[in-house]
Amino acid sequence: MRRLYFIILFLVALFSCDDSVKEFNVRYLSESLGSFSNSDIVSDIEFVPLQETDSSMVGNIVALREYDGDWYLLDNQFGSKLYKFTENGKFCSKYSREGRGPEEYGEIYSFDINTKNGDVILLCGPPKLLILTKDLNFKELIPLETFYSRVACYDDDVVLYDPMEANVDYFDLDKKRLATIVDLEQDKTSVLSPMSIFMRDGERLFFHTEESKAVYEIKNGNANPILYIDYPNRDIICEFYREHSFQDISFTESLKYIRPKVHSVICNNDTSFSLIYSDMLYRMNFLNDGKIVDGPLKMFCANPNVIISDECIIGHMPQYSYSDDVFIKGDLYKGVNVKLLSPEYYDVESGNPILIKYKLK
């Protein structure tokens, strides 16, 4: 009898331990937990005004990357164009070739950069990959048989997101061979949007969509869940989107059925992660002294294509929104070292955005 008692105690302890591990790996979003200020997470702020010339009038940034000290950005306003700027924002080059030729495209949906060789990969419509040099010169065309909306470089190959089937496919660029590594439960709201699907922090690559039950890390040719996502009324909301197409949902209904979307993953270490996500607001969710903190992100980086690069949150703002007073008056950035733009900046009229680098503590 005594032996049976200890066996029962052992099983209870085992399953209790397993529950705590599962609970630790679940992030409950859209609920304010604790509070934080910008000075709690950011040490410095720098600005990069993007030079405007006749060849570099940027309309709307839908994707942004940093590579080898330069900025690459995709602009899909009034046609698709890819720009390259220096670290300080000086215009370098542009790839703008709409048409039906082998080096041309109807639209650029997404792009990424192979950090091993500097190749720039454009995902275009009609379905194909255009490979450019780091200076944005044409290098190679690879036709695709399936429509994809997002691309990310992985080792020397790429991963692609299919919004119609809610799949992530691994594509071998040499063998031109596909293999599905993530197969999600599809709902009826798979549409093109400016939101991130693939996210990076350094060399680590992550994946999340609104219908995903988890944030995945793509590693060793597989997609492994690192955090499971939960939020209020999740089952009811997911069921609603499985039954209703995007075009059939009214604005009022969309406000009733809000589900969070992760835009960036920040690696604190191998097993601890912070999230930038949006519901009605842009928010940050992170661990602090073993406790989850979740609250509104009061920064200009709050946009769908915010990225993490070199331990910085990178966002952008319209030129007309910039003012020294926004960053030095009041308590919003109190305790943060803000490197304001030089007075000469005000002598230059530009409609191009300003990139903002928030250095993380």
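Bear in mind the structure is a predicted one, so any value in this text is a computation, not a measurement. (Residues numbered from 1 in each chain as written. Predicted model: local features only at pLDDT ≥ 70, side-chain atom pairs only at ≥ 80, totals over all residues. Heavy atoms only, no water.)

1. Remarks on the sheet that holds strand 4 (residues 70–75)
Here 4 strands make up an open sheet; going across it, the order is 3-4-5-6 and the pairing antiparallel. Looking at which strands have only one partner, the edges of the open sheet turn out to be strand 3 (61–67) and strand 6 (91–95). For this sheet the average axis-to-axis angle between neighbouring strands, irrespective of direction, equals 20°. Looking at chain direction, strand 4 and strand 5 (residues 81–85) are connected through 5 bridges and run antiparallel. Each residue of the ladder has a partner; that of Leu74, found in strand 5, is Leu82. (Pairing = 2+ DSSP bridges. Helix = DSSP H or I, 4+ residues; strand = E, 2+ residues; numbered from the N terminus. Axes fitted to C-alpha atoms, helices over the stretch in contact; angles between N-to-C directions.)

2. Quick notes on unusual backbone geometry
Between Gly125 and Pro126 the backbone carries a cis peptide bond, its omega angle lying at -5°. Mapped onto the secondary structure, Pro126 falls in the loop between strand 8 (120–125) and strand 9 (128–132). At Leu136, a residue that is not glycine, the phi angle is positive and equals roughly 70°. Summarising the element assignment, Leu136 is placed in the loop between strand 9 and strand 10 (138–143). Taking the relative accessible area as the measure of exposure, Leu136 reaches 3% and is therefore buried. (Buried < 20%, exposed > 50% of the residue type's maximum accessible area, 1.4 Å probe, protein only.)

3. Describing a nonpolar patch on the surface
A grouping of Phe251, Leu255, Met280 and Leu281 is seen on the molecular surface, where their side chains present a nonpolar patch of about 450 Å² in accessible area. Within the fold, Leu255 resides in helix 4 (residues 251–256). (Patch = residues over 30% accessible without salt bridge, like charges linked within 9 Å, V, L, I, M, F, W, Y side chains within 5 Å. Areas by Shrake-Rupley, 256 points an atom, 1.4 Å probe, with all protein chains shown as cover. Salt bridge = Lys/Arg side-chain N within 4 Å of Asp/Glu carboxyl O.)

4. Things to note about helix 3 (residues 234–243)
For helix 3, the set of buried residues is Arg234, Ile237, Cys238, Phe240 and Tyr241. All buried residues of helix 3 lie within an arc of 155° about the axis, which places them on one face of the element. Turned more than 90 degrees away from the buried face of helix 3 sit Asp235 and Ile236, all of them exposed. Those residues of helix 3 that are buried lie in contact with strand 18 (222–230) and helix 4. (Arc of directions from axis to C-beta. Contact = heavy atoms within 4.5 Å.)

5. Things to note about the side chain of Asp169
Inspection of the secondary structure assignment puts Asp169 in strand 13 (residues 167–172). For Asp169, which is buried and forms no salt bridge, the nearest opposite charge comes from Arg177, at a distance of 12 Å. Within the local environment of Asp169, its side chain forms a polar contact with the side chain of Tyr148, the two groups lying 2.7 Å apart. Among all residues touching Asp169, those that are not within four sequence positions of it are Tyr148, Val158, Val159, Leu160, Leu178, Ala179 and Thr180. (Lys, Arg positive; Asp, Glu negative; His and termini not counted. Polar contact = N/O pair within 3.5 Å; in protein donor to acceptor, adjacent residues only side chain to side chain.)

6. A few points about the pattern of salt bridges
Applying the stated criterion to the full structure yields 13 salt bridges. A salt bridge links Asp112 to Arg65; its shortest N-O distance comes to 3.1 Å. Remark: Arg65 occurs in strand 3 and Asp112 occurs in strand 7 (residues 107–113); sequence separation between them is 47 residues. The residues Asp112 and Arg65 share a single accessibility class, namely buried. The shortest N-O distance in the salt bridge between Arg204 and Glu217 comes to 2.9 Å. On the criterion of sequence distance, the pair formed by Arg204 in strand 16 (residues 204–207) and Glu217 in strand 17 (residues 214–219) is long-range, its members being 13 residues apart. The exposure class assigned to Glu217 is buried, which follows from its relative accessible area of 9%.

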